[in-house]
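Each chain is listed here by its residues.
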Amino acid sequence: MHACVHDETMPASADDLRARVAELEAALKSAAAREAAAQSRAEALQFTHDKLRDAYAQLKLEIELLRRRIFAASAERVDTGQLRLEFEAKMKQLDALAPRAADDAVAAKDADETTGGQPAGDEREPARPPRKKPSGRRNLADVDLPEERIEILDPEQEGQSERIGFEESYKIGRRKAGLVKYVVARAKYRVHVDDAAPGESATSVVTAPMPPSTFTRCLAAPCLIAKIATDKFADGLPLYRQEERFAREGLHLDRGTMARWLEELGQVLGAIVLAMRHEALTTAFCIATDATGISVQPERSATKGRRPCDRGHFFVMLADRDHVLYEYTRRETSAAVAAMFKGFSGYVQADAKSVYDVLFNAPANPGLGRDDDDKRAEVGCWAHARRKFYEAAIAKDKRAREALFRIQRIFALEEEWSGVPPSQRTELRKKLAAPEVDAFLDWAAAEYRLVEGIRGLLRTAFGYVVRQRAALRRYLDDGRLRIDNNASERALRGIAVGRKAWLFVGSDIHADATANLFSLIASCRLHGLDPEAYLRDVIRVFIHWPRTRYLELAPRYWAATRARLDEAELKLPLGNLTVPPPPEEQGSPR
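Following the criterion strictly, the structure yields 27 salt bridges and no others. Two residues, R562 and E567, come together in a salt bridge whose shortest N-O distance is 3.0 Å. The exposure class assigned to R562 is partly exposed, which follows from its relative accessible area of 24%. One network of salt bridges, with partners in common, ties together R536, D537, R562 and E567.

Here it is as structure tokens:
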């Protein structure tokens with residue numbers, strides 16, 4: 001009997017092969033699945049890595065932006081010398097578009113000098129005098145201040161030697177501004193009564209009537225109310241600090257009383273602001289506008305308890321160089337903007353906020369209140385466009401730096417023409433600035449198509465320029481138009497600085513009164529008037545003035561109006577006042 005011995009070298013059966021193949025295929029599929037999972041995890045990790053890297057870069061950029069905004073100057077300052085070196089070839093290309101403005105600007109200024117530098121009508125625009133660089137110690141002898149002489153004698157020389165004169169020097173001092181108490185003494189008269197009844201006295205006592213006053217039964221004279229208003233709205237001194245100051249001077253005057261005085265003052269003098277507003281809307285060539293927020297104290301409620309402040313907005317309207325107007329609204333909406341500009345046709349300079357679109361386009365909602373006859377043209381702000389590229393340039397993007405270089409050249413042209421009359425500036429802009437403006441806008445449109453799908457500061461900057469193309473070109477139409485809207489932002493600075501001190505307004509009514517007082521004070525600064533002296537005199541005059549002639553009391557016309565008043569009467573804090581007749585038609589307010 002033979003034993004059966006298994007030989008491992010013998011070929012396997014077909015079933016074994018199939019099983020082995022299936023096992024290998026399963027192992028291969030498992031390895032492929034593991035590889036696919038690993039690849040998927042690698043892609044997920046790479047995506048997370050890229051996302052974190054982008055977030056890190058964005059965070060670094062935001063930190064750099066915040067650092068620049070906190071520690072750098074408010075203006076978008078760039079190294080123009082470095083830009084000129086970096087884009088020297090580009091500068092040659094731009095110079096080829098049109099000749100530089102030096103010869104034309106010099107010729108225009110020479111022509112202006114031959115005409116006396118005073119263009120007629122709306123072209124009158126004073127040239128900015130060059131700043132004189134200070135040198136050495138200031139000569140106080142030229143300062144126009146009251147003088148007190150202090151003579152210092154030498155006891156050892158007095159009486160022993162001949163005095164031949166004095167060696168004079170100067171110091172500046174200050175006296176404490178004190179309060180004064182006016183005694184209003186009305187004369188009493190003993191008057192004979194002709195038809196006195198038997199047994200009654202044949203005489204009676206008659207007291208001189210109290211002269212009319214803008215504020216009846218008010219403890220404050222016009223000069224005190226003007227001081228309180230100027231300290232708060234011109235210098236940002238809140239009422240609680242003024243209350244402390246009055247206490248140090250020996251007068252208890254609570255802030256609630258002062259708040260009521262200011263509210264009434266703003267409401268009363270609002271009639272003058274309405275006259276200013278009417279003239280601005282009917283005669284202004286260009287109105288520049290901007291807005292800022294303000295906190296409004298909510299009304300007290302017995303059920304809701306304490307509540308946070310509401311949000312309101314102050315708009316500013318700069319009507320040429322005539323008036324500065326502030327308007328308070330509860331909401332910064334298209335309806336509010338349409339109501340403010342209702343009846344105005346002309347140029348409007350504003351930023352690119354959507355609430356201003358109603359001024360230039362037909363509103364989708366007919367109830368917004370826009371008149372079909374009002375034709376307005378939008379003027380863009382190159383400072384806003386430059387600011388967006390300045391932020392993008394912090395990320396070291398060369399295209400943003402090139403944009404800054406191009407915009408800087410446009411601003412440099414305007415600087416060269418600062419003293420040129422508007423009519424000649426219009427020609428210079430069309431001849432020299434227009435080619436550079438169009439070249440920049442065409443270049444910006446091409447660059448925007450490259451970055452349109454990439455989210456970031458550069459897309460925002462180029463997108464702003466592309467959407468505002470027509471508005472940014474508008475200043476080329478007329479030499480009276482400004483290249484930027486910085487004047488509106490400067491006009492809002494008083495509110496922005498003041499609200500850090502007085503925090504909020506008491507109500508919507510108080511906000512309206514505040515807007516009126518801001519309008520008068522800002523217009524005083526525009527026309528070189530002392531706001532405190534103006535308010536003091538206007539409060540004194542207002543009660544006597546005809547209602548149809550309130551425009552004569554506006555800061556624009558106040559110097560001429562005050563010259564026609566009796567100085568002796570105006571100097572008194574109370575009393576009758578002679579109202580002069582209206583000015584001649586030639587010099588009357590428009």
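Another aspect to go through is the packing of aromatic side chains. Throughout the structure, instances matching the rule amount to 14 aromatic pairs. Residues F285 and Y347 carry aromatic rings whose centres are separated by 5.1 Å and whose planes lie at 55° to one another, so their mutual orientation is tilted. Separated by 62 residues along the polypeptide, F285 in the loop between α8 (270-283) and β3 (286-296) and Y347 in strand β6 (residues 346-349) bring together distant segments of the chain. Both residues of the pair, F285 and Y347, count as buried. Here the aromatic rings of W382 and F440 are separated by 5.6 Å at their centres, their planes lie at 50°, and the arrangement is tilted. Here the residue W382 occupies a position in helix α10 (residues 382-393), and F440 occupies one in helix α12 (residues 422-451), the gap between them amounting to 58 residues. Each member of the pair, W382 together with F440, is buried. An aromatic cluster of at least three residues, connected via ring pairs, comprises F233, F314, Y326, Y328, W502 and F518. Over the ring of F246 we find R245, and its NZ or CZ is 5.2 Å from the ring centre. Between R480 and the ring centre of F285, over which it is positioned, the NZ or CZ distance is 3.8 Å.

Three or more residues of helix α18 (residues 555-563) are buried, namely P555, Y557, W558 and T561. Each buried residue of α18 sits inside an arc of 140° when the element is viewed along its axis, so together they form one side. Facing away from the buried side of α18 by over 90 degrees, the exposed positions are A559 and A563.

We now examine a positive patch on the surface. Taken together, R321, R482, R490 and R493 make up a surface patch of like positive charges. Turning to its location among the elements, R482 is positioned in the loop between α14 (469-473) and α15 (486-502).

Even without glycine at this site, D320 takes up a positive phi of about 50°. Mapped onto the secondary structure, D320 falls in the loop between β4 (310-319) and β5 (323-329). Even without glycine at this site, L503 takes up a positive phi of about 70°. Of note, L503 is situated in the loop between α15 and β8 (504-505).

Mapping A501 onto the fold places it in helix α15. Linking A501 and P238, residues 263 residues apart in sequence, is a C-alpha distance of 6.0 Å. What A501 contacts, discounting residues up to four positions off in sequence, is G236 and P238.

Of all seven residues in β5, six are buried; the element is thus mostly enclosed. Hairpin geometry of β4 and β5 is characterised by an intervening segment of three residues between the two adjacent antiparallel strands and by a positive phi of about 50° at D320.

Let us now look at the pairing of β3. Among the 11 residues that make up β3, 10 are buried, leaving the element largely enclosed by the rest of the structure. Where β3 meets β6, three bridges bridge the pair, whose relative direction is parallel. When the bridges of β6 are listed, C286 appears paired with Y347. Where β3 lies against β4, 10 bridges are found, and the strand directions are antiparallel. The partner of T289 across the bridge, within β4, is M317.

Parameters and conventions
- Residues numbered from 1 in each chain as written.
- Predicted model: local features only at pLDDT ≥ 70, side-chain atom pairs only at ≥ 80, totals over all residues.
- Heavy atoms only, no water.
- Salt bridge = Lys/Arg side-chain N within 4 Å of Asp/Glu carboxyl O.
- Buried < 20%, exposed > 50% of the residue type's maximum accessible area, 1.4 Å probe, protein only.
- Phe/Tyr/Trp six-rings, centres within 6.5 Å; stacked < 30°, edge-to-face > 60°.
- Helix = DSSP H or I, 4+ residues; strand = E, 2+ residues; numbered from the N terminus.
- Lys NZ or Arg CZ within 6 Å of the ring centre and 35° of its normal.
- Arc of directions from axis to C-beta.
- Patch = residues over 30% accessible without salt bridge, like charges linked within 9 Å, V, L, I, M, F, W, Y side chains within 5 Å.
- Areas by Shrake-Rupley, 256 points an atom, 1.4 Å probe, with all protein chains shown as cover.
- Lys, Arg positive; Asp, Glu negative; His and termini not counted.
- Charge placed at Lys NZ, Arg CZ, Asp CG, Glu CD.
- Contact = heavy atoms within 4.5 Å.
- Pairing = 2+ DSSP bridges.

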